[in-house]
Amino acid sequence: MVKFRYFLILLITLQLLSCKQDKSNVGNADEFYNSIVANSVDRDLEAIRNDGVLKALVVYSSTSYFLYRGQAMGFEYELLQRLADHLDLKLEIVVSKDLDAEFEVLNRGDVDLIAHGMTITNQRKWEVGFTEHLYITKQVLVQKKPDNYLNISWKTLHKALIHDPIELIDDTVSIRKNSAYHERLVSLSNEIGGTIVIDTLSSKLSTGEIMDMVANGTIKYTIADENLAKINAAKNPILNIDVPISFSQRIAWVTRQKSKNFRAVIDDWILAQRKTKDYQVIYNKYFKNKRFFKRRIRSDYYSLTNNEISKYDDLIKTYADKIDWDWRLLASQVYQESRFDPGAESWAGAGGLMQVMPATAESLGIKDLSNPKESIRGGTSYLQQMHERFSHIPDSLNRIKLAMAAYNCGYGHVRDAQRLADANGLDSMVWADNVDKMLLALRFPKNYNKPFIKYGYVRGSEPVNYIEQIIERYNHYKQFINLEE
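Residues numbered from 1 in each chain as written. Predicted model: local features only at pLDDT ≥ 70, side-chain atom pairs only at ≥ 80, totals over all residues. Heavy atoms only, no water.

A. Spatial organisation of the overall build of the protein chain. If you tally the helices and strands in the protein chain, you get 22 helices and 13 strands. At 29 Å, the protein chain has a C-alpha radius of gyration far larger than the 23 Å of a compact globule built from 485 residues. Projected onto the principal axes, the alpha-carbon positions of the protein chain cover approximately 115 × 60 × 40 Å. In the protein chain, which comprises 485 residues, the share counted as buried stands at 49%. Counted over contacts in the protein chain with a minimum sequence separation of 6, partners at least 24 positions apart contribute 69%. Distance between charge centres in the protein chain, computed from 63 positive and 61 negative side chains, equals 4 Å. (Helix = DSSP H or I, 4+ residues; strand = E, 2+ residues; numbered from the N terminus. Rg over C-alpha atoms; globule rule 2.2 N^0.38 Å. Buried < 20%, exposed > 50% of the residue type's maximum accessible area, 1.4 Å probe, protein only. Contact = heavy atoms within 4.5 Å. Lys, Arg positive; Asp, Glu negative; His and termini not counted. Charge placed at Lys NZ, Arg CZ, Asp CG, Glu CD.)

Written out as structure tokens, the structure reads:
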């Protein structure tokens, strides 16, 4: 009996020592070697500022980043513009092609920020670092009401729907594999002591697209963040999103774990932004304004619906082809000139889609500046004349920029800027940081009074901003609109 008691005490002692050792190991979890973080690129705020570019990975969706009536829009897009301005960096947007590969793209250094709503989870924290949260939401079940829901009684409708997550036992829910929704369903199955069958979908599908699949009857159920579910359900009243699947969760952007200084700056910025009225206006615009959401998804010029920029696309394509330009670039210039308004008039008397001056219109045979076809025909004809004057420029993009600058402020002023570039040891055949700088310099008497300057003063900020905005918009168009053969 004594021996048995001794053996029992020894066994208990060993178990206690083992538990103590386990707790010690758990307490030192941060000291474990993390190969994902260790092998990620060493790139922080200083390197990003030295490059002068904020490279952000975004998703192409109905709330984050999209094109509407020729203009790039979206919750993340608007915030990123503000963040880039705050950091004095140029914004470079990269559209995610595979949601499953985003952390790899980030840790490899292809981008410095994943800028779309991502749920903060401990599992994800192992690979990346999260910023301060942008907003708080919860996950909800998305299910379809009966097709005749408007003509049946409330009692019948009530019976047709799920009202508690426990009713999902042995049923199937379709979600992206590596999403926070997948993590939540695995945990939920364990919590309710039953099996929820998880049907994994392509990582290329957005939450809005998956919700459309529920509305169309392609899949039975999915999960979505409540704010996304509410705005997307606005176009599909047949969807029910009343059943919560999770507690409140924080939604944030993502940086590399190693980018501590960069993340600290973003954290401070987000904390300050969340207190501003502008932030609330932007949030409400994309997640609460159902009228605006419905209007844009019904528009022919919404990039998630059609491969169109404006109702003048066919005209623009025809005349872009005549001067051998990408029609999306010409479309960006037309937007810059008139915002696709054929009745637009400037303070200087320019009119029409391409804002041609009356004297130039007469020389080009334009009889009615407000006529879209005449305006685009005449405008592209004049643009081609400017383009041909720079035929000696070897680089095609520099040639295009110089031609557009001449279209905006006059060929003579651009030639003056080239002469000034030569005089200052700059490259007169390169636009960026060369000719554009000299156009800006021509606002000073010491420059425009030089004997070799023939056309005098010019407000150079106008053509410089003109080119920058056209090219930036063109880059957005290339992300959204396919180039048709």
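B. Quick look at the sheet that holds strand β12 (residues 239–244). Spatial strand order, β11-β8-β12: 3 strands in an open sheet with antiparallel pairing. At either margin of the open sheet sits one strand with a lone partner, and together these are β11 (221–225) and β12. Neighbour to neighbour, the strand axes of the sheet diverge by 35° on average, direction disregarded. Summarising the sheet, strand β8 (residues 139–144) and β12 pair through 4 bridges and their orientation is antiparallel. The residue bridging Leu-141 from the neighbouring strand is Val-243, located in β12. Each of β8, β11 and β12 is contacted by helix α9 (residues 207–215), which is oriented at about 145° to β11, the strand it contacts most. (Pairing = 2+ DSSP bridges. Axes fitted to C-alpha atoms, helices over the stretch in contact; angles between N-to-C directions.)

C. Seen up close, the pattern of salt bridges. Within this structure, the stated rule accounts for 16 salt bridges. Of the charged contacts, one joins Glu-191 and Arg-184 as a salt bridge, the two residues approaching to 2.9 Å between their closest N and O atoms. Residue classification places Glu-191 among the exposed positions, given a relative accessible area of 51%. Overall, the relative accessible area of 14% leaves Arg-184 in the buried class. Residue Glu-462 is joined to Arg-459 by a salt bridge in which the shortest nitrogen-to-oxygen separation is 2.8 Å. Look at Glu-462 and you get partly exposed, because its relative accessible area is 36%. (Salt bridge = Lys/Arg side-chain N within 4 Å of Asp/Glu carboxyl O.)

D. Focus on the confidence of the model for the protein chain. Of the residues in the protein chain, 91% reach a pLDDT of 70 or more, and the chain-wide mean stands at 89. Counted against residues more than four places away or in other chains, residues 1–14, with its pLDDT under 50, gives 0 contacts. Predicted confidence is poor over residues 16–30, with pLDDT under 50, and the contacts of this stretch with residues over four places away or in other chains come to 1 contact. (pLDDT = per-residue confidence, 0-100.)

E. Geometry of the pairing of β11. The buried fraction of β11 amounts to 5 of the 5 residues, a majority that puts the element mostly inside the structure. Residue alternation in β11 divides its side chains into two sets, Tyr-221, Ile-223 and Asp-225 and Thr-222 and Ala-224, and both sets are buried. By the bridge criterion, 5 bridges tie β8 to β11 in an arrangement that is antiparallel. By the bridge assignment, Val-142 is partnered in β11 with Thr-222.

F. Representation of the side chain of Lys-145 within the structure. You can see Lys-145 is positioned in the loop between β8 and α7 (154–160). Within the local environment of Lys-145, its side chain forms a polar contact with the backbone oxygen of Pro-237, the two atoms lying 3.0 Å apart. When residues no more than four places from it in sequence are discounted, the contact partners of Lys-145 are Leu-157, Leu-161, Pro-237, Ile-238, Leu-239 and Asn-240. (Polar contact = N/O pair within 3.5 Å; in protein donor to acceptor, adjacent residues only side chain to side chain.)

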